[in-house]
Amino acid sequence: MTYSTEEKKSLIKKGKITASKNIKGFLNAVRKKNGSVNAILHVNENAVAEAEAADRKIKAGKAGRLAGLAIVVKSNISVTGLPVTCASKTLENYYGTFDADVIAKIKAEDGIIIGMANMDEFACGSSGETSAFGATHNPAAPGRIPGGTSSGSAAAVAAGFCDLALGSDTGGSIRNPASHCGVVGIKPSYGRVSRYGLVDMTMSFDQIGPLSNDAYGAALLMEVIAGKSENDGTTQFRDERNVQSGNARFATANKVPDYLKLLQNGVKGIKIGMSPEFEEMCSDKRIYGLIEDAAHKFAAATKSTIKQIKLPYVDMAIQAYYPIVYVEFFSGTRKFDGRKYGKKIEDSCGEEVLRRILGGREISKAEHHGTYYRKALMAKKRIAEGFESAFKDVDIIISPTTPMLPHRIGTKISDPMVMYAYDAYTIPVNLAGVCAGVVPAGKIDGIPVGLQTMTPAFREELLLQTLAGIEKQSL
Ligand code: GLN
């Protein structure tokens, strides 16, 4: 029997399903099926004991909002006592010595961490194939990649290994696998969720976010992990007055809205933006057609209007993103020199990670400063301004999540640009610092296709309402 997250939460709260039974059920599924999916790298041996403790709290009426729900965590988020390998040989034997802010919040609400997820090595990739511990398989499209880099997190949700999962998204790593695996995934606004305890891929873009089988689950986990933290300055020092106006740069992360409650309101009479630039970028036109149909249906159901908007420079997003990523990744990985953590990264990593380290080292050289990095920052600014002005005309923007369907596992892709192209729709969102989420919108050739919605920064409630609305119509 599969339940929606809302039903499951309520059944556990009422004592109709115990937390222990819930966790044991998932552990059983992992035991039976993970061999073929390879979504989970490590199972938490204490999960059942933790569930039993949650059951005692539930009985006493003292349990938190995630009581007894099973949560899988991407292997680049620190959990005390569990391996934080980043799916790399470099950190093969590294165990978390503290809880990331998001983990501390989950534990405080009695969520049960049942395991650590597979991922692309150090969150570099788009397919889930760069893990040092083998590729993850797509449970919703057998033989195909699940997308990346939060491949194991999305696949774990799709395979029925957990109720909810955490991923991280630098340029699409939550949304891309959510789309390919047919689940819901959110990339929160930059500064909405504390990154303390996340092994950065690119610290000026990364956000931790939820994956779930439904919008309710994503909203529930968002509500728990969002908010100001003393440990992460990007979640602070912003101005509450700009939240409603959607001003990306100065909006605040200090107050967390009641997402679950707001979810019930739904949306009505909003303005939806779609852009010809995005249509052009879609290499598989069937995907664009499917997304357009879903957007029209949603507009009709909610008495909303669709408007064509201009998003200049989005076609430059990939070129702007990678120089910044290479430079920040190079800098961030200098701590993996083999002395304090694990092995020296250059001696133990895979090809894509090495490409970024060497590329970042080169671009960082003084003589290239104005050529690549500064130009990339300029393009980033233009793209962010494009979003800011588009959001003066529309409330949300709808697009595909990826321009093509996931390839078959093992397909030889020797040109990195072909792999990078998967993120053409997701990267602009990180460059602009706004928020976006993905919800299943249909299938092509039996393969799930996710619809991406973007909203102004710190409008996660509008994002979640939209995803819930689209989810309803595609049921
Ligand atoms: N595929 C993109 C990259 O390789 C995004 C990765 C991510 O979001 N972590 O950089």
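Quantities reported herein were computed from a predicted structural model and do not represent experimental measurements.

K.L.:
Quick question: what am I supposed to make of the packing of aromatic side chains here?
P.N.:
In this description, a pair of aromatic rings is defined by centroid distance and the angle of the planes. Enumeration over the complete set of coordinates arrives at 11 aromatic pairs. Aromatic pair Y322 and Y326: ring centres 6.1 Å apart, planes at 80 degrees, arrangement edge-to-face. In this pair, Y322 and Y326 are both assigned in helix α12 (residues 317-332), 4 residues apart and thus about one turn of the helix distant. You'll find Y322 and Y326 in the same group, each marked buried. Three or more aromatic residues link up through ring pairs in this structure, and these residues are Y94, F122, F329, F336 and Y341.

K.L.:
Where do I start with the nonpolar core in this structure?
P.N.:
It is characteristic of soluble globular proteins that their nonpolar side chains tend to be buried jointly. I114, F122, L166 and I397 are the most contacted members of the largest nonpolar core, which totals 152 residues. Setting aside its immediate chain neighbours within four residues, I397 contacts G273, F278, I309, L311, F387, A390, F391, Q452, T453 and M454.

K.L.:
Sorry if this is basic, but what is going on with the site of the ligand here?
P.N.:
In the region of the ligand, 14 residues are neighbours, and G125, S173, Y321, R356 and D423 sit closest. Contacts to the ligand include Y321, whose side-chain N or O atom sits 2.7 Å from an oxygen atom. The contact in question runs from an oxygen atom of the ligand to an N or O atom on the side chain of R356, over 2.6 Å. For the ligand, whose unbound accessible area comes to 290 Å², protein coverage reaches 100%.

K.L.:
What should I look at first to understand the sheet that holds strand β4 (residues 164-169) in this one?
P.N.:
To summarise the sheet geometry, strands pair through backbone hydrogen bonds and adopt either a parallel or an antiparallel arrangement. In space, the 11 strands of this open sheet follow the order β1-β3-β2-β4-β6-β5-β10-β11-β9-β7-β8, with mixed pairing throughout. With partners counted over all chains shown, the strands left at the sheet margins are β1 (40-43) and β8 (305-308), one partner each. Pairs of neighbouring strands in the sheet enclose a mean axial angle of 30 degrees, with direction left out of account. Bridge count for strand β7 (residues 271-274) against strand β9 (residues 396-400) is 2 bridges, and the pairing is parallel.

K.L.:
Any chance you could explain the pairing of strand β11 (residues 447-455) here in plain terms?
P.N.:
On a regular strand, one side chain projects to one face of the sheet and the next to the other, so that they alternate. Summarising burial for β11: 9 of the 9 residues are buried, a large majority. Side chains I447, V449, L451, T453 and T455 project from β11 onto one buried face, and the interleaved P448, G450, Q452 and M454 project onto a second face that is buried too. Connecting the antiparallel pair strand β10 (residues 435-444) and β11 is a turn made up of 2 residues, with D445 showing a positive phi of about 55 degrees.

Criteria and cut-off values
- Residues numbered from 1 in each chain as written.
- Predicted model: local features only at pLDDT ≥ 70, side-chain atom pairs only at ≥ 80, totals over all residues.
- Heavy atoms only, no water.
- Phe/Tyr/Trp six-rings, centres within 6.5 Å; stacked < 30°, edge-to-face > 60°.
- Helix = DSSP H or I, 4+ residues; strand = E, 2+ residues; numbered from the N terminus.
- Buried < 20%, exposed > 50% of the residue type's maximum accessible area, 1.4 Å probe, protein only.
- Core = buried A, V, L, I, M, F, W, Y, C linked by side-chain atoms within 4.5 Å.
- Contact = heavy atoms within 4.5 Å.
- Near = heavy atom within 4 Å.
- Polar contact = N/O pair within 3.5 Å; in protein donor to acceptor, adjacent residues only side chain to side chain.
- Areas by Shrake-Rupley, 256 points an atom, 1.4 Å probe, with all protein chains shown as cover.
- Pairing = 2+ DSSP bridges.
- Axes fitted to C-alpha atoms, helices over the stretch in contact; angles between N-to-C directions.

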